[in-house]
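Examining the three-dimensional arrangement
Each chain is listed here by its residues.
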Amino acid sequence: MRTAALRRCLAPALPAALPPSRRLCGLRQPRGGGGEAAAARKITENAKKSLASLKRENPRLEPTLAIIQARNDHLIQEINKEFAKEVGLRVIHICLPEGSSKHEIVNEILRLNEDPNVQGLALDLPESLYSSKVLNAVKPEKDVDGLSDVNLGRLVRGDADDCLVPPTASAVMELLEDLGGKTVLLVGAGGVVGAALQCMLQREGAATLSCRWKAPQLQTKLHHADVVVVGSAKPDDVPVSWIKPGTTIINCSHDLLSEKHSYGQENNHAAENAVGSLAIAMRMQNMVKNMERWIQSQQYRKWDLRCLKLQPLSPVPSDIEISRAQSPKAVDVLAKEIGLLTDEVEIYGQTKAKVRLSLLERLKDQPDGKYVLVAGITPTPLGEGKSTVTIGLVQALTAHLNINSFACLRQPSQGPTFGVKGGAAGGGYAQVIPMEEFNLHLTGDIHAITAANNLLAAAIDARILHENTQSDKALYNRLVPVVNGVRGFSAIQLARLRRLGINKTDPGTLTEEEISKFARLDIDPSTITWQRVVDTNDRFLRKITVGQANTEKGFVRQAQFDIAVASEIMAILALTTSLQDMKERLGKMVVANDKKGQPVTAEDLGVTGALAVLMKDAIKPTLMQTLEGTPVFVHAGPFANIAHGNSSVLADKIALKLVGEKGFVVTEAGFGADIGMEKFFNIKCRASGLVPSVVVLVATVRALKMHGGGPNVSAGAPLKKEYTEENLQLVADGCCNLQKQIQITQLFGVPVVVALNVFKTDSPAEVDLVCKIAKQSGAFDAVPCNHWSAGGRGAVKLAQAVEKAANQKNSFKYLYNLELPIVEKIRIIAQKVYGAQDIELSPAAQSQVDCYTRQGFGNLPICMAKTHLSLSHQPERKGVPTGFILPISDVRASIGAGFIYPLVGTMSTMPGLPTRPCFYDIDLDPVTEQVKGLF
């Protein structure tokens, strides 16, 4: 019975007894005859072929149409399913109770709008629910019924290629032809469909009228109409005899498919044709068109970036004054300009957004852009402006040369921000804005790292306590409890059993020996390397005692706090390539050894999944912008001594896809080229598989004078006259450090461009001398830069030099083979990079090397923890020290991050506050809520 009803509904509703002269004159007759049904079959067949072609080109495509229905009409549901199945579409019916409110409908629409697995959304509702609020709740890009104001507006403007026509309107137009000069009357056809029909009919040359069934002149209008389009059920008091003979009637009432309409056949002066099945076919055609657009939207998009104008002042104001004087673009606008999709962006306020990793899958076939690293010579304690050069360079590339570019920067720790160094957003007219948001909290990544790190630290001490105070049986019963009468291992416990060689899944089947082996980690407290962290400079946490409360039952040990960015979890965040990779790395973190000398990991402690949950948002890079409105990713901020000091691999990978093949991604390495750049190449590039195109080596006349024998430079102290007056001899003597850093870059086979960060005290002769020596020493080019005072315009020549250098032959290579012994890899770095005569390991360091080799960690890259103020291990030795023996006091490992880090001397992982910290100048205006005093 149901099938018969369905077939009757889909059959053309044409009166068969009418003579030829009165049979639907003016209706388009489909090829081969058959009227509406034939037209529906043709549309369906074409849609089926188009979708099949899309699926061949996109094998993983699963086009899904969601239909919200709020009336008890299973027939409409079946018709939609029948057509969708024929075309090859997946349909989800959301059947809401009859009588559902507009609010309930809108809530369901909003949910489906955000469902990435649904590409089209249609509504089958009672007439009373088709309000503007409901129709416009549907995202225009999912609106297959074309009922939103956005779609209608595009149709009215004539943007046919950029809109979807309401299926009912399309069906009416499909049935009509030769409309020029004819009068078409729309009766009871209001709303979006009526407006769309009027627009389309007028474009075909028809004189179009519209009225309600109760209109006073209805009889006259019906009598003069050549075509009558009926949009709602005809009242009984309107006789069919009002319609003149030969008039074409098109019925597109919402009740059509439910067979609730009836005009009767008592008057054979009119012919009626229903659009029901054809409208459904048109809906499916719209869905296929929508899929074509959806696929197109997933492709790489050209940037449509609106850069912000700068008006540099002289003298240059403070950094925060410059930042506050510029009005940043809304971050959702910036995201759209650079080709990000709406569902790839998570907005944090007005100026920050997280970018989802799904973009990498969407743009996996998009060629990468050029990859540029900004490094530096051995710096003064004041820093030489690598961040400023990075930002000035991208401002020049994009805002002034119209080349797509992205800066990828580390997130600064709040420790230095409130301590002595200040912020890290660049400076002058080359900044990330808003700089106070950049420097304070950002999107909470460091807080997530702190939470994850300290959860693991708590788990270590708690596990030792519980193992010390319980029997094997009691410990096992608490680790694997009975819950709701059922006892079972968690997934992470099953993984531990497999690692132990226990292939059992029933907790009741383990032997006593297996229970003991499973339940006890037997951590040796003296070997614990995992410390708690906090993102504050607090010297009194450098050594602490934990476990002094009576509740800890005498388990007391010495420990320490590190600053949060020194956590191995930060290094993992910077090196990970996916959520799965991060989870695996977190599980591999070695926190201690057991009493047999075997490593104990976060996975052994059962905490890996919880750590991943805490880090699930932190793994997404944060999108911000420069003063000139060009995009910046801020992500991760590992220490540059005990870690590798680079921003994240993921930020670089996403940015390289977004800039396009001819674009540039510029990232920065911490400290001098001997430390940050070496680690970038040997650690970060190994993890990412990315190949750098150019190195920009930042130098300053000030630092070169220091290396040439100038007096000490100290933070907070005025510069001596040697640094503020011209002294060509000091500059020339100090260029030895610049030459050495160029040579280090050449070890890796990458072209190098020297960027001389110009200060107002530098003389033209000093600037020219540095550039001349740099070029003679093998630099591809050497360019003076004034971006601090002029913004991107002051770095245009640098940008042009970088663009040319990126087209040079690149023979990138790593410095050492990972298969070499740990000591040999350390020796290669010491001799080839630092210029040491040899290395010397302390007995403790040698013992650790032997231990790591025995534990299977010997094939990891090396991350040297050394002072950044000299090429040697002695900060006071400037220039290019030679003939020194590099002492290795200790060797540690970050197994999850994936490197061994030898300590050259002592290395503090918790800074302290100076006598006068930056926080004296930081304040908040309680009226405007503006931050003051950041720099």
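Here, residues in each chain are numbered from 1, in the same order as that chain's written sequence. Given that this is a predicted model, residues contribute local features only at a pLDDT of at least 70 and side-chain atom pairs are listed and counted only at 80 or more, while totals for whole chains, interfaces and linings are drawn from all residues. The side-chain figures draw on all heavy atoms in the structure; neither hydrogens nor water molecules are used.

Counting from the N terminus, the helices are DSSP H or I runs at least four residues long and the strands are E runs at least two residues long. If you tally the helices and strands in the protein, you get 33 helices and 34 strands. The criterion used for residue contact is that any of the two residues' heavy atoms lie within 4.5 Å. Taking the intrachain contacts of the protein between residues at least 6 apart in sequence as the baseline, contacts between residues at least 24 apart amount to 74%. The method behind every accessible area is Shrake-Rupley, applied with a 1.4 Å probe, and residues are considered shielded solely by the protein chains displayed. Carbon and sulfur atoms make up 51% of the accessible area of the protein, which totals about 39,500 Å². Positive residues here are Lys and Arg, negative ones are Asp and Glu, while His and the chain termini are left out of the count. To locate a charge, take atom NZ for lysine, CZ for arginine, CG for aspartate or CD for glutamate. In the protein, 104 side chains carry a positive charge and 95 a negative one; their mean positions are 2 Å apart.

Take the sheet that holds strand E2 (residues 90-95) next. Strands are labelled as partners when DSSP assigns at least two bridges between them. Overall, parallel pairing links the three strands, which are arranged E2-E1-E3 in an open sheet. Either end of the sheet is taken by a strand with one partner, and the two such strands are E2 and strand E3 (120-124). Along the sheet, successive strands turn relative to each other by an average axial angle of 20°, direction set aside. By the bridge criterion, five bridges tie strand E1 (residues 64-69) to E3 in an arrangement that is parallel. The residue bridging Ala-66 from the neighbouring strand is Leu-121, located in E3. Orientation is described by lines fitted to C-alpha atoms, with helices fitted over the stretch in contact, and by angles between N-to-C directions that extend from 0 to 180 degrees.

What follows deals with unusual backbone geometry. Put simply, Ser-314 and Pro-315 share a cis peptide bond, and its omega is 0°. By secondary structure assignment, the location of Pro-315 is in the loop between helix H10 (276-298) and helix H11 (319-325). In this structure, the amide linkage connecting Ile-433 to the following residue, Pro-434, adopts the cis form with an omega of -10°. You can see Pro-434 is positioned in the loop between strand E14 (430-433) and helix H16 (435-439). In the Ramachandran plot, Glu-929 falls in the positive-phi region, its phi being about 65° despite a non-glycine side chain. Mapped onto the fold, Glu-929 is located in the loop between strand E33 (923-924) and strand E34 (931-932).

Now for the pairing of strand E4 (residues 183-187). Partly exposed describes any residue whose relative accessible area lies between the buried limit of under 20% and the exposed limit of over 50%, with all areas from a 1.4 Å probe on protein chains only and scaled to the type maximum. Among the five residues in E4, five count as buried, and that is most of the element. Every second residue of E4 is oriented toward a common face, with Thr-183, Leu-185 and Val-187 on one face and Val-184 and Leu-186 on the other, all of them buried. Pairing between E4 and strand E5 (residues 207-211): five bridges, direction parallel. Note on E5: the bridge partner recorded for Leu-186 is Ser-210. Pairing of E4 with strand E6 (residues 227-230), which is carried by four bridges, proceeds in the parallel orientation.

By salt bridge we mean one thing: a side-chain nitrogen of Lys or Arg within 4 Å of a carboxyl oxygen of Asp or Glu. With the rule as written, the count across this model stands at 40 salt bridges. Between Arg-90 and Glu-62 there is a salt bridge; the shortest N-O distance is 3.8 Å. Taken as a pair, Arg-90 in strand E2 and Glu-62 in the loop between helix H2 (35-57) and E1 lie far apart in primary sequence, 28 residues in all. For Arg-90, a relative accessible area of 37% translates into the label partly exposed. Beyond isolated ion pairs, a larger network of salt bridges with shared partners links Glu-346, Arg-356, Lys-616, Asp-617 and Lys-620.

Residues with a pLDDT of 70 or more make up 94% of the protein, whose mean pLDDT is 90. Confidence scores per residue from the predictor, reported as pLDDT, run from 0 to 100. Counted against residues more than four places away or in other chains, residues 1-33, with its pLDDT under 50, gives 66 contacts. A low-confidence stretch, residues 256-271 (pLDDT under 50), is modelled with 51 contacts involving residues beyond four sequence positions or located in other chains.

Before going further, it helps to spend a moment on the packing of aromatic side chains. Here a pair means two rings of Phe, Tyr or Trp (six-membered ring of Trp) with centres within 6.5 Å. Their orientation is stacked below 30 degrees between planes, edge-to-face above 60, and tilted elsewhere. One pass over the structure, following the stated rule, counts twelve aromatic pairs. Pairing Phe-406 with Phe-633 gives two aromatic rings, centres 4.5 Å apart and planes at 20°, and the pair type is stacked. One end of the pair, Phe-406, is in strand E12 (residues 405-409); the other, Phe-633, is in strand E24 (residues 631-634), and 227 residues separate them in sequence. You'll find Phe-406 and Phe-633 in the same group, each marked buried.

Another aspect to go through is the environment of Asp-162. For Asp-162, the location among the structural elements is in the loop between helix H6 (149-157) and helix H7 (167-175). Exposure remark for Asp-162: the relative accessible area of 39% places this residue in the partly exposed category. For the pair Asp-162 and Thr-536, spaced 374 residues apart in the sequence, the C-alpha separation amounts to 53 Å.

Attention now goes to a nonpolar patch on the surface. Where nonpolar side chains cluster on the molecular surface, the patch consists of Leu-913, Phe-919 and Tyr-920 and spans about 290 Å² of accessible area. Along the chain, Tyr-920 turns up in the loop between strand E32 (899-903) and E33. Surface patches are defined over residues having more than 30% relative accessible area and no salt bridge, joining like charges when they lie within 9 Å and nonpolar side chains (Val, Leu, Ile, Met, Phe, Trp, Tyr) when within 5 Å.

Helix H8 (residues 191-203) packs onto H7 with a crossing angle of 35° between their chain directions and a minimal axis gap of 9 Å. Between H7 and H8 lies a crossing whose hand is right-handed. Where H7 abuts H8, its residues Thr-168, Ala-169, Val-172 and Met-173 lie against Val-193, Ala-196, Leu-197, Met-200 and Leu-201. By residue class, the composition of the contact of H7 with H8 is eight nonpolar, one polar and no charged. Here a crossing is called left-handed whenever its near helix is offset anticlockwise from the far helix by less than a right angle, and right-handed whenever the offset is clockwise. The nonpolar class holds Ala, Val, Leu, Ile, Met, Phe, Trp, Tyr, Cys and Pro. Asp, Glu, Lys and Arg form the charged class, and all remaining residues, Gly among them, are polar.

Further remarks concern the environment of Ala-699. Tracing the backbone through its elements, the reader meets Ala-699 in strand E26 (residues 694-699). It is 6.1 Å that separates the C-alpha atoms of Ala-699 and Gly-376, two residues lying 323 residues apart in sequence. Among residues more than four places away in sequence, those in contact with Ala-699 are Ile-377, Leu-738, Ala-755, Leu-756 and Asn-757.

Looking now at the packing of H6 against H8. The geometry of H6 relative to H8 is characterised by a closest axis approach of 10 Å and an angle of 15° between their N-to-C directions. Between H6 and H8, the angle is such that the two are roughly parallel. The handedness of the crossing between H6 and H8 is left-handed. Along its contact with H6, which presents Leu-152, Leu-155, Val-156 and Arg-157, the element H8 presents Val-192, Ala-195, Ala-196, Cys-199, Met-200 and Arg-203. Every angle not falling under 35 degrees, over 145, or within 65 to 115 is termed oblique; those three ranges are roughly parallel, roughly antiparallel and roughly perpendicular.

The pairing of strand E9 (residues 345-348) with strand E10 (residues 352-355) spans four bridges and is classified as antiparallel. Within E10, the residue paired with Glu-346 across the bridge is Lys-354. The antiparallel hairpin formed by E9 and E10 contains three residues in its connecting segment, where Gly-349 sits at a positive phi of about 75°.

Our focus in this paragraph is helix H25 (residues 673-688). How far a helix is expected to stretch is found by multiplying one less than its residue total by 1.5 Å. With 16 residues, H25 extends only 19 Å from end C-alpha to end C-alpha; this falls clearly short of the ideal 22 Å at 1.5 Å per step. Of all the bends in H25, the largest measures some 35° and sits at Phe-680. Once H25 ends, the next one or two residues include Gly-689, with phi positive near 75°. Two axes define the bend at a residue: one fitted to the seven residues ending there, one fitted to the seven starting there, and the bend is the angle between them.

As a further point, take the state of the cysteines. A pair of cysteine sulfur atoms is labelled a disulfide when the two atoms are within 2.5 Å. For the structure shown, the criterion picks out zero disulfides. Note on Cys-252: no disulfide assigned, nearest cysteine sulfur contributed by Cys-211 at a separation of 13 Å. Here Cys-252 falls in the buried class, since its relative accessible area comes to 9%. The thiol of Cys-771 is not disulfide-bonded; the next cysteine sulfur, from Cys-785, is found 8.4 Å away.

Turning our eyes to something else, we now look at the side chain of Asn-641. Position of Asn-641 relative to the elements: it lies in the loop between E24 and helix H24 (649-659). Every residue in contact with Asn-641, bar those within four places of it in the chain, is listed here: Phe-671, Lys-679, Cys-863, Met-864, Ala-865, Lys-866, Met-907 and Ser-908.

What follows deals with the side chain of Ser-297. Relative to the assigned elements, Ser-297 resides in helix H10. For this analysis, a polar contact is any N or O atom pair within 3.5 Å, provided that within protein one partner can donate a hydrogen and the other can accept it, and provided that sequence-adjacent residues contribute only side-chain to side-chain pairs. Within the structure, the side chain of Ser-297 is placed 2.6 Å from the backbone oxygen of Trp-294, a separation counted as a polar contact. Beyond its immediate chain neighbours, meaning those up to four positions away, Ser-297 contacts Leu-341 and Arg-362.

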